[in-house]
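Summary of structural features
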Amino acid sequence: MLSKIVKSTALLALITTAVNAADFNAGAEKDRIEAIKYFEAKFADPEKNKDKFFPYSTDEELKNDYAKNLKQNDFNIGTYAFSKDAKSQYEAIKEMPPYEAGIELGEELYNKKFANGNSFATCFPNPAIGGDYPYFDDKKNDVVTLTSAVNDCLRANGEKEWDTQKGNMANLQAYLVNATTEAGKKFDIKIQSEAAKKAYENGKEYYYTQRGYLKLSCAECHIQGAGQRVRNEKLSPLTGQVTQFPVYRLKWEELGTLERRLSGCIVDQGQVSPKDESTQMKELVYFLAYMSNGMSIDGPDIRKIGR
């Protein structure tokens, strides 16, 4: 009888643990689905939805330059998804993409031996890992991004860490992300503990909080403002915003990491950007990546300006 009670108790504990684990991402999943519904409704017919979503756009622009009936996976190319003019320029540049040299340099870096004989291939035996980052490491009690993982590999092998925004870091990431794209993988970010859930919520809070002397938030531009024009560029939507990094931004004339773009955007808002390997920045990346869950990795890529 006692053994039956013990077995029943153990089984109940396992079931309870499984149920609780499934619940950790319930709020995040609700956020993701609601965002998809919002953007699909917004871009179902921009001309028809002018009063609700595009009050500052002209009738002519909405009629002639905005694509209709966009679905979730369309958004993984940012503003090029809905702007016909921008997409035609994008496709022309993609015929001879300027980031191909970066992929080749990244492959060399991946296979190059460290002083101790190891390499990035030692840390990342399968290079197609772009959709696995960021993840929450319960042992470290922190988010691990692709950028921090690369520097962790360098530090663990006695090598000097890299600049987190460009150069070797962006080139290596271009190779890893290209391998992920070729493998046909999608973002699959998990939230499997209370601490991971908290990290997601912290990233979400940062995204929605007004900061800086301009009192702007990321959400004002990339949710409410998605598709609207700022200067000569249209703003990209939250959904799919990180699926193609690193990107070759024509303004930079080189590849840059996601952290580089986020830092620049935060500074444009009149804020001081968190350090690229800080917990705050990593939690923001965690939130953004989860909101692109289920979307194809399709990088590296180009951005004319890219907001």
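Structural notes, computed from the coordinates. Here the structure is a predicted model, which means the values were calculated and not measured. (Residues numbered from 1 in each chain as written. Predicted model: local features only at pLDDT ≥ 70, side-chain atom pairs only at ≥ 80, totals over all residues. Heavy atoms only, no water.)

Helix and strand counts for the protein stand at 13 helices and seven strands. Radius of gyration (C-alpha) of the protein: 21 Å, near the 19 Å computed for a compact globule of 307 residues. Its C-alpha atoms put the protein at 75 × 55 × 40 Å along the principal axes. Classification of the 307 residues of the protein by burial places 51% in the buried group. In the protein, the share of contacts with a sequence separation of at least 24, taken over all contacts with a separation of at least 6, comes to 69%. A total of about 15,200 Å² of accessible surface is found on the protein, and carbon and sulfur atoms cover 52% of it. When the 42 basic and 44 acidic side-chain charges of the protein are each reduced to a single mean position, those positions are 4 Å apart. (Helix = DSSP H or I, 4+ residues; strand = E, 2+ residues; numbered from the N terminus. Rg over C-alpha atoms; globule rule 2.2 N^0.38 Å. Buried < 20%, exposed > 50% of the residue type's maximum accessible area, 1.4 Å probe, protein only. Contact = heavy atoms within 4.5 Å. Areas by Shrake-Rupley, 256 points an atom, 1.4 Å probe, with all protein chains shown as cover. Lys, Arg positive; Asp, Glu negative; His and termini not counted. Charge placed at Lys NZ, Arg CZ, Asp CG, Glu CD.)

Turning to the side chain of S148, a few remarks are in order. Assignment of secondary structure puts S148 in helix α8 (residues 146–156). At 2.9 Å, the side chain of S148 forms a polar contact with the backbone nitrogen of T145. (Polar contact = N/O pair within 3.5 Å; in protein donor to acceptor, adjacent residues only side chain to side chain.)

In this section: the nonpolar core. Residues F120, F124, Y207 and Y286 are the most contacted members of the largest nonpolar core, which totals 77 residues. Ranked by residues supplied to this core, first place goes to helix α13 (residues 279–290) with eight residues. (Core = buried A, V, L, I, M, F, W, Y, C linked by side-chain atoms within 4.5 Å.)

Taken as a whole and judged by the stated rule, the model has one disulfide. C123 shares a disulfide with C153; S-S distance 2.0 Å. Here C123 and C153 share a disulfide; its torsion about the S-S bond, 85°, makes the bridge right-handed. Of this pair, C123 sits in helix α7 (residues 120–123) while C153 sits in helix α8; the two residues are 30 residues apart in sequence, bridging distant segments of the chain. Looking at C153, the relative accessible area reads 4%, which means it is buried. (Disulfide = S-S within 2.5 Å.)

It is worth spelling out helix α9 (residues 168–182) at this point. Within an α-helix, residues lying three or four positions from one another point in the same direction, as the helix has 3.6 residues per turn. Given a rise of 1.5 Å per residue, 15 residues ought to cover 21 Å, and the 21 Å separating the end C-alpha atoms of α9 matches this to within 8%. Most of α9 sits out of view: 12 of its 15 residues are buried. Listed in full, the buried residues belonging to α9 are M169, A170, N171, L172, Q173, A174, Y175, L176, V177, N178, A179 and T180. Residues of α9 that are buried make contact with α6 (100–111), α7, α8 and β6 (254–256). Of the residues flanking the end of α9, it is G184, one or two places downstream, whose phi is positive at about 70°. (Expected span 1.5 Å × (residues − 1).)

Now for the packing of helix α10 (residues 194–208) against α13. Where α10 contacts α13, the two axes come as close as 7 Å, and the packing angle between them is 90°. With respect to α13, the element α10 is oriented roughly perpendicular. From α10, A196, A199, Y200, N202, G203, K204, Y206, Y207 and Y208 reach across to α13, where they touch Q280, E283, L284, Y286, F287, L288 and Y290. Its residues assigned to classes, the contact of α10 with α13 shows 11 nonpolar, three polar and two charged. (Axes fitted to C-alpha atoms, helices over the stretch in contact; angles between N-to-C directions. Parallel < 35°, antiparallel > 145°, perpendicular 65-115°, else oblique. Nonpolar A, V, L, I, M, F, W, Y, C, P; charged D, E, K, R; others polar.)

On to the packing of aromatic side chains, then. Following the criterion strictly, the structure yields 18 aromatic pairs and no others. Ring centres of F43 and F82 lie 4.6 Å apart, and the angle between their planes is 15°; this geometry places the pair in the stacked category. Of this pair, F43 sits in the loop between α2 (26–42) and α3 (50–53) while F82 sits in the loop between α4 (59–65) and α5 (84–94), and the two are 39 residues apart along the sequence. What makes F82 buried here is its relative accessible area of 0%. Here K42 stacks its cationic end above the ring of F54, 5.6 Å away from the centre of that ring. Cation over ring: R260 sits above W252, and NZ or CZ is 4.1 Å from the ring centre. (Phe/Tyr/Trp six-rings, centres within 6.5 Å; stacked < 30°, edge-to-face > 60°. Lys NZ or Arg CZ within 6 Å of the ring centre and 35° of its normal.)

Relative to the elements of secondary structure, N49 occurs in the loop between α2 and α3. Given a relative accessible area of 17%, N49 falls into the buried group. In the structure, N49 is positioned 13 residues away from L62 in sequence and 9.4 Å away in space, judged by C-alpha atoms. Beyond its immediate chain neighbours, meaning those up to four positions away, N49 contacts A41, K42, A44 and F54.

Moving on to unusual backbone geometry. The step from Y133 to P134 runs through a cis peptide bond, and the omega angle for that step is 0°. Turning to its location among the elements, P134 is positioned in the loop between α7 and β1 (135–137). Here the amide bond leading from F245 into P246 is cis, since omega sits at 5°, within 30 degrees of zero. Along the polypeptide, P246 turns up in the loop between β4 (233–234) and β5 (247–249). Backbone geometry places K215, a non-glycine residue, at a positive phi of 55°. Its location among the elements puts K215 in the loop between α10 and α11 (218–224). Classification of K215 as exposed rests on a relative accessible area of 54%. Despite not being glycine, E253 has its phi angle at roughly 65°, a positive value. Within the secondary structure, E253 is located in the loop between β5 and β6.

The values reported here are purely geometric and, on their own, carry no functional implication.
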